[in-house]
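The primary structure of each chain is shown beneath.
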Amino acid sequence: MTISRSCGLAFGGSFVSLPTPRKAQALVRFSLFLLLIVGSVSRVSSQERSAKLRLDSRDSVKQEDPPFRGLDASLYMLTSAEYKACCLQAFRWAGIMAKEKLSTRQDQSKPAAVVIDLDETILDNGWFQSNQIREVAAFDAQRWERWERTGADKVRLIPGAKKFIDQLRELKIEPIYITNRNDKAREQTKSVLERFEIAVPDEQLLCADEKTGSDKTSRREIAAAKFDILIFVGDNLRDFDERFKYDRAVVGDKRSKTVEELQDKFGVEWIILPNPSYGEWNKRFSNSKADVELLYK
Ligand SMILES: [Mg+2]
């Protein structure tokens with residue numbers, strides 16, 4: 001065996017070309033890269049397989065397809081500084097507008113109030129969303145009801161929410177909470193708020209029941225009869241007006257058109273917080289790969 005100048009080996013008269021040291025290093029790096037790719041793909045596949053196995057054993061759980069579709073939305077809400085900044089910005093502006101409207105209102109016969117939604121406006125249900133992803137599960141009303149009754153210790157506050165509520169108290173503006181949490185879980189909802197030192201008189205917590213369903217119109221009317229409502233704060237357009245209800249029978253994006261028609265209310269009367277995880281906006285989806293087609297419309 002002889003070693004050639006071109007870094008090759010001669011075996012019994014035949015010459016085998018070997019890479020130079022630099023080429024060899026590159027070859028090793030490339031091989032490692034390939035191994036990493038193969039390893040991560042098989043890891044993801046095995047995670048998906050095991051998640052599906054868990055899911056298949058629980059018939060009552062509706063599956064998301066493609067799996068983990070809510071992952072980025074939940075990561076955005078739970079980990080991004082941008083989400084935090086959006087919430088702080090919304091509540092800061094809500095405080096400015098409430099104060100301005102308080103100082104300019106003409107009719108002072110009724111106490112001033114602000115109507116506020118609870119879930120993903122004041123209360124952060126990130127644990128529920130994360131758990132849904134861990135189980136590759138689609139939203140299910142029964143799971144949510146269970147969460148309302150038993151998840152109180154895992155609920156957190158949306159950034160800026162407490163400061164806003166404290167500011168209202170200083171300005172002597174009453175917060176009226178209109179929520180689609182079930183009235184049957186009223187005490188649990190109150191205990192969540194009390195855990196964050198947010199006191200709620202019973203008449204200022206208007207939950208959903210069989211009569212109201214998710215339509216907040218009648219509860220907004222009840223609030224308006226007793227209070228002078230300065231602004232509304234929510235994460236779902238239906239927190240402001242029932243015209244934003246998603247209707248499967250309507251062709252075209254009626255909700256977006258309504259936003260354009262009523263655009264002067266945003267930032268003045270209606271303050272909206274971001275919620276990329278769920279809401280009226282994703283009711284048009286079918287929790288299946290068919291949703292991908294919407295990207296091309
Ligand atoms: Mg909400």
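Counting restarts for each chain, with residues numbered from 1 along the sequence as it is written. Given that the model is predicted, a residue must reach a pLDDT of at least 70 before its local features are reported, and side-chain atom pairs must reach 80 or more before they are shown or counted; all residues, however, enter totals for whole chains, interfaces and linings.

Of the regular secondary structure elements, the chain holds nine helices and 10 strands. Note on burial: count the other C-beta atoms lying within 10 Å of the residue's C-beta; 20 or more is buried, 12 or fewer is exposed, in between is partly exposed, and C-beta positions come from the backbone. Every one of the 297 residues in the chain was classed for burial, and the buried ones make up 25%. Of the contacts formed within the chain by residues at least 6 apart in sequence, a portion of 77% connects residues at least 24 apart. Numbering goes from the N terminus for both helices and strands, where a helix is a DSSP run of H or I of at least four residues and a strand is a run of E of at least two. Two residues qualify as being in contact provided that their C-beta atoms, derived from the backbone, are within 7 Å of each other.

What follows covers the confidence of the model for the chain. Of the residues in the chain, 80% reach a pLDDT of 70 or more, and the chain-wide mean stands at 85. Contacts of residues 1-18 to residues separated by more than four positions or lying in other chains number 17 contacts, the stretch itself having pLDDT below 50. What pLDDT expresses is the predictor's confidence in each residue, scored from 0 to 100. Note on residues 38-59: pLDDT is under 50 here. Beyond four places in sequence and across chains, it has 10 contacts.

It is worth spelling out the environment of Arg92 at this point. Considering the arrangement of structural elements, one finds Arg92 in helix α3 (residues 81-104). Overall, the presence of 15 C-beta atoms within 10 Å leaves Arg92 in the partly exposed class.

This brings us to the packing of helix α2 (residues 71-79) against helix α4 (residues 126-134). Each axis is a line fitted through C-alpha atoms, taken for helices only over the stretch in contact, and angles between the N-to-C directions span 0 to 180 degrees. Running from N to C, α2 and α4 point in directions that differ by 150°, and their axes come no closer than 10 Å. What the angle tells us is that α2 and α4 run roughly antiparallel. Judged by the twist between their axes, the crossing of α2 over α4 is left-handed. Contact residues: Leu71, Ser74, Met77 and Leu78 in α2; Gly126, Gln129, Ser130 and Ile133 in α4. Taken together, the residues of the contact of α2 with α4 break down into four nonpolar, four polar and no charged. Should an angle lie under 35 degrees it is considered roughly parallel, over 145 roughly antiparallel, and from 65 to 115 roughly perpendicular; all remaining angles are considered oblique. It is the rotation of the near helix from the far one that decides the hand of a crossing: anticlockwise by less than a right angle makes it left-handed, clockwise makes it right-handed. Each residue is assigned to one class: nonpolar for Ala, Val, Leu, Ile, Met, Phe, Trp, Tyr, Cys and Pro, charged for Asp, Glu, Lys and Arg, and polar for all the others, Gly among them.

Within the fold, Lys216 resides in the loop between β8 (205-208) and α8 (217-226). For Lys216 and Glu242, which are 26 residues apart along the polypeptide, the C-alpha to C-alpha distance reads 7.3 Å. Beyond its immediate chain neighbours, meaning those up to four positions away, Lys216 contacts Ile178, Arg238 and Asp239.

Our focus in this paragraph is the pairing of strand β7 (residues 174-182). As a general feature of sheets, a regular strand has side chains that alternate between the two faces. Burial within β7 is extensive, with eight of its nine residues counted as buried. Judged from the four bridges that link them, strand β4 (residues 112-116) and β7 form a sheet pairing that is parallel. Counterpart to Ile116 in the pairing with β7 is Tyr177. Paired strands, as defined in this entry, are two strands with at least two bridges between them according to DSSP. In the sheet, β7 pairs with β8 via three bridges, with the strands oriented parallel. Across the sheet, the residue bridging to Asn182 is Ala208, located in β8.

In this section: the nonpolar core. Nonpolar side chains tend toward joint burial in soluble globular proteins. Ranked by internal contacts, the top residues of the largest apolar core, which has 39 residues, are Ala94, Val114, Val115, Ile176 and Ile231. The element contributing the most residues to this core is α3, with six residues. What Ala94 contacts, discounting residues up to four positions off in sequence, is Phe164, Ile231, Val233 and Ile271. Think of a nonpolar core as buried Ala, Val, Leu, Ile, Met, Phe, Trp, Tyr and Cys residues chained together by C-beta atoms that fall within 7 Å.

Okay, the sheet that holds β4 next. What the five strands build is an open sheet, ordered β8-β7-β4-β9-β10; its pairing is parallel. Every interior strand has two partners, whereas the edge strands, β8 and β10 (270-272), have only one. Averaged over all pairs of adjacent strands, the angle between strand axes in this sheet comes to 20°, irrespective of strand direction. Its contacts with the sheet put α3 on β4, β9 (228-234) and β10, and the angle it makes with β9 is roughly 170°. Lying over the sheet, helix α7 (residues 186-195) contacts β7 and β8, oriented at roughly 135° with respect to β8.

Looking now at helix α6 (residues 161-171). Because each turn of an α-helix spans 3.6 residues, side chains separated by three or four positions end up pointing in the same direction. Turning to α6, its buried residues are Ala161, Phe164, Ile165 and Leu168. What you see down the axis of α6 is that its buried residues fit within an arc of 95°, all on one side. Against α3, β4, β6 (156-157) and β7 lie the buried residues of α6. Following α6 by one or two positions, Lys172 has its phi on the positive side, about 60°. Here, the arc refers to the directions that run from the helix axis to the C-beta atoms.

With five of its seven residues buried, β9 lies for the most part within the structure. Bridge count for β4 against β9 is five bridges, and the pairing is parallel. In the strand pairing of β9, Ala113 is matched with Ile229.

Time to look at unusual backbone geometry. The omega torsion across Asp65 and Pro66 is 0°, close enough to zero to call that bond cis. Phi at Val136 takes a positive value of approximately 50°, unusual for a residue other than glycine. Along the polypeptide, Val136 turns up in the loop between α4 and α5 (141-150). In this structure, Glu197 is a non-glycine residue whose phi angle is positive, near 60°. Within the element layout of this structure, Glu197 appears in the loop between α7 and β8.

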